[in-house]
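Next come the chains, spelled out residue by residue.
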Amino acid sequence: MIVTMEVNGEPRSAEVAGWESLLWVLRERLGLLGAKDACLQGECGSCSVLVDGDLVCACLVMAADAEGAQVTTVEGLASSGDLHPVQRSFVDQGAVQCGYCTPGLIVATAHLLEQDPDASDTDVREALAGNLCRCTGYGALVRAVAAARTATATDDGSAAPVGDGADREVRS
Amino acid sequence: MSGTLADRATVHGGVGTSVPRPDATAKVTGSFEFLGDMHADGMLWGATRRAWVAHARILRIDATAALAMPGVHAVLTQDDVPGHRYQGQAVTDQPVLAEGRVRYWGEPVAIVAADDAETARLAAEAIVVDLEELDPLVDLEAALEHGEIFRHVPVRRGNPDLHGEVVIEGTYVTSSQDPAPLGTEAGLAIPDGTGGVDLWGPTQWVHIDLEQLAACLALTPAQVRVQPCRLGGAFGSREDLSLQTHIGMLALRLDRPVKMVYDRTESFVGHVKRHGSLMHYRHEADRHGRLVRVDARILLDGGPYQLTSNAVIANSTYFAVGPYRCDNVTVDGYALRTNNPPSGAMRGFGSNQPCFAAESQMDRLADALGLDPIELRLRNALQPGDQLPTTGQLIEAPLPTDEVIRSVASIPLPDDEPNEDPRHLPGGTGLTTPRDRVVRGIGYAVGIKNLEFSEGFDDNAEARVVLHGDGAVVHTAAVEVGQGMVTVLTQIARSALGISKVHVAFDHTGQIGSAGSTSASRQTQMAGNAVLQAATAVRERALAQLGGDDLDDDGVWRGDTLLASLAELTAEGPIEQHVDYHHRATDQPDADGQGDLHVDFCVAAHRAVVDVDPDLGLVRVVQIAIGQDVGRAMNPQQLLGQIEGGIAQGLGHAVMEEVVLDHGVIRNPSFTDYLLPTCLDAPHVEAVLIEQPSTWGPFGAKGMAELPTMSATPAVVAAIRAATGRPLTRVPVRPEDLVAPALTGGTR
C-alpha cells in the first residue's frame, strides 16, 4: 500500500508492507535515520517522534496508521541551520555520550518543554523516564533540560523558571 | 610522561577545559551515522538462525526450504567457514557457527543473506535444525568438580599460620549483568572486488578483530580492512566478535555487500556479559581492626567459551582484598566453563565481583569490632609504599586511597526532611509507599582496579599527528565507543601543539597499527601518550624549521613576529610524526601469583544513601557521593559524565539488573523484562575529584571510567543493609530479599 504523511513539513509517500512500523518506514523507506531502534518494544524511547503533536514510540505505530499524519523527527527540529535550544543545551551540557538515545531524548525533551515550560527537575525526570540512556546516568540530561528551559524562557522575554536546584556538584 | 609544552591558558579547548564532544552536533541532529544506519548500494540483509536450547547435539541442519524462498541468496553453516573455524582473543575455542553441538542458549547455527531484512528473518526461521537436547552444566560448584576450568589463578602470600582475633566468613553471589549498550550489534561487509573485504562491526579493538577475521575468512591481514565503527555504546560487550565473521562470510561468498542488525533479544545472546560469581571469603583482623589475613575462593561463570575469562579472573583474584594492606593472603580464582551465556568484559572487568564481597566483609568486620566503617577502612587503606595485598607489588605511583575515603565521608548528607512527592519515594508514582514507613540507610564502599593490560602483556598504542596548513589531524585506530576519547585526544593534541584546529581521524587497520583495546581504562593514557608524544615532536620540528619560539593557530612566532602561517610552514608538505607508545613492562605472575603485574592503579570510594520501603521491599537510591582518583581532570564535564553513567550501572547491578537464568535459558532477554535504571531511578550524584597527577599519564591524567561502577554496587547494598538489617549476600537485591522472613527467623 502507499502511505502518505507530512514529515518535518514535507509531504512524503512510500510503498509499504502491512507489517511495517512507522519507524521502519522513516528509516528504511524515507532515509530518515535519526530515530533509532534500540528495543523495538516501546521501552527505550530511542525511536521517539511526534505524530500530530503527540510523543510516540515510532516502533509501536503501524505505518498504515500514520496515513495523513504530521510527523516530526529529530531531523525536523533544527531550523535553517540553527540548532533547536534543546539540541544546543545537550551539546553544551555534555548530555551526549554514545548518542544512540540522543535523537529520541531530544524529541521527547522538546515536546516536554512545549507542553510544560515550567517543568521542575523532578517533572523532567518523570517525563523522560521512558527514554533509556546507558551512558550518562541522566545527570547531564537533567542539567541540559534546565539550561534549555532557561534559554527558551529567555528567548521569549519571560523570566527564567527556577529548577529544583543543581542536580550535582563537582569539587576538586 | 607528562606534557610540558601545554599553554593551557591560551590554547582554546586544551586539556583541563570542558569542551563539548566534536561529534555532539551530529548526534543531536540525528545525522551521526551509527553502524545500523550504514548502507551500501546493492547490499543484501543477513540474519542468523539460532538454537534456543542451552546444550544439545546437532543432528541435522536442513536449509532446503529456506533456500527455496524467493529473494534468499545463501545459507551458510560452520562447514562453509573458509578458514580457521574458531575464534577468540586468547584461545580460539569458539566455533564461528555451532559445530556438532549447541553450547549456549541462542548460539548461532546458520546465517542467511536475502534481498531484504524481513525475507532474511523468515528464511532463518525456515532453516530446520534437529537437536538432541542434553543436560546443561550451569552450576559453578559442579563445573569446578568436573574440572571445567578455563584458568585457575592462585595467590599465596605471607604466613599461612598467622591468624587474627576476629574472624568473619561469608559467601556471596553476584548475578550476570548485561552491558546493554543502547545500540544493538550491527555491521556491514563490502567485498573489495579483489577477494578482500571492508568490514564495519561492533568493536573495541579493530586490530584484535583483524587477527581473528583474517584467520577465519582465510585472507591475509592486508585483505581485511576492519573499519572504525560508530558505536552506540560498548561497556565491554564489543571486546569479542559477534556478527563480523558472519557478514564477512556472506559478503565474500556472494560478492555482494551484506548488512546485519541484531534485535534486542538477539543482542542479549549476541554479546558477552559480566560474569556471574560465587565467592567465599574469610577475613581475620586484630582487635584494632587491622587485617591480618584474607582467604578467598572466587568462582566466575565463563559460559562455554574462554573469550576474555582468563584475564577477567586475574583481576578478580588480584583485587580480591580491595585497596587495603594485608600481608597474609590466599586466593584461588577460577574461571569456569558452563552452558550459561558467554561471559566476558564489562566495565570493571572482574574487579566488581570481589569488590562486592570484600566490601561486604569489611562492613561486617567493622560491625563485629564496633568500629565505624569509614574508620575501619582508613586503618587499612593502601597507600604508596605499601604492597598490593595479593601480588606483593610495591605501590609506587600516587594512590589516594585515604583521600578518596575521607573526601566521600566529608560530603554533606542529603536532607531527610519528609517529601510527600511520590516521585521521591520508593515505589514512585505507583503510590505504594507512605512516607512514614520509609527507612533510610547509609553505606560505604571502596574500590581499586588496574589500569591498562597486566601480567607481562606488551601493551602499545600507535598514533600519527599530521600538521597541515589548516590545522592538525590526529590519526589513530583507537575505538571511540561514546566515552569521549575523541574529545580527550583532541584536547591533548591542542595543548601539546599550541594549535586549536585539531581533528581526530579514525583509521582502519590498513592505515595505522594497533592502538590497543578501548578497555581497561587505558586509552586516555595509552592513545593519549602516543598523541602527546607525536604532537610534541611535530611542534618541536615546526619551531626548529624556522627557528621560532611559539606555535599557534596563526603560525610560527619568534617573539612578537609571525614568521610563517601554518599554510606557509607546510607549503613543502605536512609535518608529521608517528609514535608507537608502550607502557613500562610488567611481570608475569610466579607460581604464587606474585610479581609486579600491573602498570598502575586507580581508586574510588562511594557513599550511598537509600530510602527503603520495608513492607514491599522497594528501594530508592537518594544520593550517591563519590571520591574519585583522576590523576588530572582533562575534561571535568566528561569526567562527571563518566562518573554519573558509571554509578547508574553500579546501581543497576545492586538493585535492578539481573540476567535471569533458568538452566541456561535467559528468562528476560528484552528491555521489558531486563530493567535498566531510568531517569527516575538515577540518584543525585555528588563527586569530589582527587587530583594527584599520574607520573606517566599525559598531563598527569589517569584512566578512571571503570571505578564509578565498581564500588557503587556494594555501597548501595551496604546502605540497604543499614536500613533493613538484612544480610544481603547477593546482587542484585530483590524485593523478596527485603520482605521474606529472614533465615534467622522472624519478620519486621
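The model shown is predicted, which means the values in this text are computed figures rather than measured ones.

Draft legend 1. A look at the overall build of chain A. A tally of helices and strands in chain A yields five helices and six strands. Listing every helix and strand of chain A by position from the N terminus yields β-β-α-β-β-β-α-α-α-α-β. The proportion of buried residues among the 172 residues of chain A is 57%. Here the analysis covers contacts within chain A between residues at least 6 apart in sequence; of these, 60% occur between residues at least 24 apart.

Draft legend 2. Up close: the overall build of chain B. A tally of regular secondary structure across chain B gives 18 helices and 31 strands. Computed over its C-alpha atoms, the radius of gyration of chain B comes to 26 Å, within 12% of the 27 Å expected for a compact globule of 748 residues. Oriented by its inertia axes, the alpha-carbon framework of chain B measures out at about 80 × 80 × 60 Å. When the 748 residues of chain B are sorted by exposure, 63% land in the buried category. Excluding contacts between residues fewer than 6 apart, the proportion of contacts in chain B whose partners are at least 24 apart in sequence is 81%.

Draft legend 3. Geometry of the sheet that holds strand β14 (residues 258-261) of chain B. Residue and element names in this part refer to chain B. The seven strands lie next to each other as β3-β7-β1-β14-β11-β12-β13, forming an open sheet whose pairing is mixed. One side of each edge strand has no neighbouring strand; the edge strands of this open sheet are β3 (72-76) and β13 (224-226). The mean angle between the axes of side-by-side strands here comes to 20 degrees, regardless of whether they run parallel or antiparallel. Taken together, the four bridges between strand β11 (residues 186-191) and β14 define a ladder with antiparallel strand orientation. Bridging from a neighbouring strand, Ala186 pairs with Val261 of β14. Seen against the sheet, helix α5 (residues 206-217) touches β12 (197-200) and β13 and runs at an angle of roughly 150 degrees to β13. Against the sheet, helix α6 (residues 244-254) touches β1 (44-51), β3, β7 (107-114), β11, β12 and β14, its axis set at about 30 degrees to β11.

Draft legend 4. Layout of the nonpolar core. Of all hydrophobic cores here, the largest spans 299 residues; its most connected members are A:Ala58, A:Leu141, B:Val112, B:Ala493, B:Val531, B:Val610 and B:Val716. B:Ala493 has contacts with B:Val465, B:Ala472, B:Val474, B:Val502, B:Val531 and B:Ala535, leaving out every residue within four places of it along the chain.

Draft legend 5. Geometry of unusual backbone geometry. Residue and element names in this part refer to chain B. Across the junction of Val731 and Pro732, the peptide omega takes the value 0 degrees, indicating a cis bond. Here Pro732 is to be found in the loop between β31 (730-731) and α18 (735-739). The phi dihedral of His663 falls on the positive side, at around 50 degrees, and the residue is not glycine. Positionally, His663 belongs in the loop between β28 (661-662) and β29 (665-666). By C-beta crowding, His663 is classed as partly exposed, having 14 other C-beta atoms within 10 Å.

Draft legend 6. Structural view of the pairing of strand β15 (residues 277-285) of chain B. Residues and elements named next belong to chain B. The buried fraction of β15 amounts to seven of the nine residues, a majority that puts the element mostly inside the structure. Note that strand β10 (residues 166-174) and β15 share nine bridges and pair antiparallel. When the bridges of β15 are listed, Ile168 appears paired with His283. Here β15 runs beside strand β16 (residues 291-301); their pairing, made up of nine bridges, is antiparallel. The residue of β16 that forms the bridge with Ala285 is Leu291. The hairpin formed by β15 and β16 contains five residues between the paired strands, and Gly289 there has a positive phi angle of roughly 90 degrees.

Draft legend 7. Structural context of the interface of chain A and chain B. With 49 residues of chain A in contact, the opposing surface of chain B contributes 53 residues. Secondary-structure elements contributing two or more residues to the side of chain A that touches chain B are α2 (85-92), α3 (102-115), α4 (121-127), α5 (139-155) and β6 (168-171) of chain A. In terms of residue class, the side of chain A that touches chain B is built from 24 nonpolar, 14 polar and 11 charged.

Draft legend 8. Looking closely at the domain arrangement of chain B. All names here are of chain B. Its domain assignment divides chain B into domain 1 (24-32 + 460-582), domain 2 (36-135 + 185-261) and domain 3 (277-453 + 591-739). The straight-line distance from the C-alpha centre of domain 2 to that of domain 3 is 36 Å. Taken together, the 16 residues of domain 2 in the interface contact 20 residues of domain 3.

Draft legend 9. The arrangement of the domain arrangement of chain A in detail. Residues and elements named next belong to chain A. Segmentation of chain A into domains returns domain 1 (2-76) and domain 2 (85-155). The distance between the C-alpha centroids of domain 1 and domain 2 comes to 21 Å. Contacts between domain 1 and domain 2 engage 13 residues on the former and 11 residues on the latter. Among the elements that line the side of domain 1 that touches domain 2, the one with the most residues is strand β3 (residues 48-51), at three residues. Classifying every residue of the side of domain 1 that touches domain 2 gives eight nonpolar, four polar and one charged.

Draft legend 10. Structural view of the sheet that holds strand β4 (residues 54-57) of chain A. Residue and element names in this part refer to chain A. Across the sheet, which stays open at both edges, the five strands sit in the order β2-β1-β5-β3-β4 with mixed pairing between neighbours. Pairing within the sheet leaves two strands with one partner each, and these edge strands are β2 (10-15) and β4. Ignoring which end each strand starts from, the neighbouring axes of this sheet average 40 degrees apart. Strands β3 and β4 of the sheet are contacted by α3, whose axis makes an angle of about 45 degrees with β3.

Draft legend 11. α5(B), seen in detail. All names here are of chain B. For α5, spanning 12 residues, the distance from its first C-alpha to its last is 16 Å, which sits close to the expected 16 Å at 1.5 Å a residue. For α5, every residue scored as buried is listed here: Val206, Asp209, Leu210, Gln212, Leu213, Ala214, Cys216 and Leu217. Buried positions along α5 lie against β4 (86-87), β12, β13 and α6. One or two residues past the end of α5 sits Ala218, with phi positive at roughly 60 degrees.

Draft legend 12. Region of the structure containing helix α8 (residues 309-318) of chain B. By the criterion of burial, α8(B) is predominantly enclosed, with nine of the 10 residues buried. Buried residues along α8(B) sit in contact with β9 (149-157), β16, β17 (329-336), α9 (352-369) and β18 (439-451) of chain B.

Draft legend 13. Structural view of the confidence of the model for chain A. Model confidence for chain A is summarised by a mean pLDDT of 90, while 88% of its residues fall at 70 or above. Low pLDDT, under 50, characterises residues 156-172 of chain A; the predicted model gives this stretch 35 contacts beyond four residues in sequence or across chains.

Draft legend 14. The confidence of the model for chain B, seen in detail. Residues and elements named next belong to chain B. Overall, the prediction assigns chain B a mean pLDDT of 96, with 98% of residues at 70 or greater. Contacts from residues 1-9, a stretch scored under 50 in pLDDT, to residues over four places away or in other chains number 22 contacts. Per the prediction output, this complex has pTM 0.96; the corresponding ipTM is 0.96.

Draft legend 15. Quick look at the packing of helix α15 (residues 636-655) of chain B against helix α17 (residues 712-724) of chain B. Residues and elements named next belong to chain B. As a packed pair, α15 and α17 sit with axes 7 Å apart at the nearest point and diverge in direction by 50 degrees. Judged on the interaxial angle alone, α17 and α15 are oblique. As for how α15 packs across α17, the hand of that crossing is right-handed. Taking contact as the criterion, the partners of Ile647, Gly650, Leu651, His653, Ala654 and Val655 in α15 are, on α17, Ala712, Thr713, Val716 and Val717. In terms of residue class, the contact of α15 with α17 is built from seven nonpolar, three polar and no charged.

Draft legend 16. Structural context of the environment of B:His55. Residue and element names in this part refer to chain B. As for its position among the elements, His55 is in the loop between β1 and β2 (56-62). Taking the C-alpha atoms as reference points, His55 and His663, separated by 608 residues in sequence, lie 9.6 Å from one another. Ignoring anything within four residues of it in the chain, the contact list for His55 reads Val102, Arg103, Leu134, Asp135, Pro136, Asn339 and Gly664.

Quick notes on the rules
- Residues numbered from 1 in each chain as written.
- Chains lettered and ligands numbered in written order.
- Predicted model: local features only at pLDDT ≥ 70, side-chain atom pairs only at ≥ 80, totals over all residues.
- Helix = DSSP H or I, 4+ residues; strand = E, 2+ residues; numbered from the N terminus.
- Buried ≥ 20, exposed ≤ 12 C-beta atoms within 10 Å, placed from the backbone.
- Contact = placed C-beta atoms within 7 Å.
- Rg over C-alpha atoms; globule rule 2.2 N^0.38 Å.
- Pairing = 2+ DSSP bridges.
- Axes fitted to C-alpha atoms, helices over the stretch in contact; angles between N-to-C directions.
- Core = buried A, V, L, I, M, F, W, Y, C linked by C-beta atoms within 7 Å.
- Nonpolar A, V, L, I, M, F, W, Y, C, P; charged D, E, K, R; others polar.
- Domains from an automatic or database assignment.
- Expected span 1.5 Å × (residues − 1).
- pLDDT = per-residue confidence, 0-100.
- Parallel < 35°, antiparallel > 145°, perpendicular 65-115°, else oblique.
- Left-handed = near helix turned anticlockwise from the far one by under 90°.

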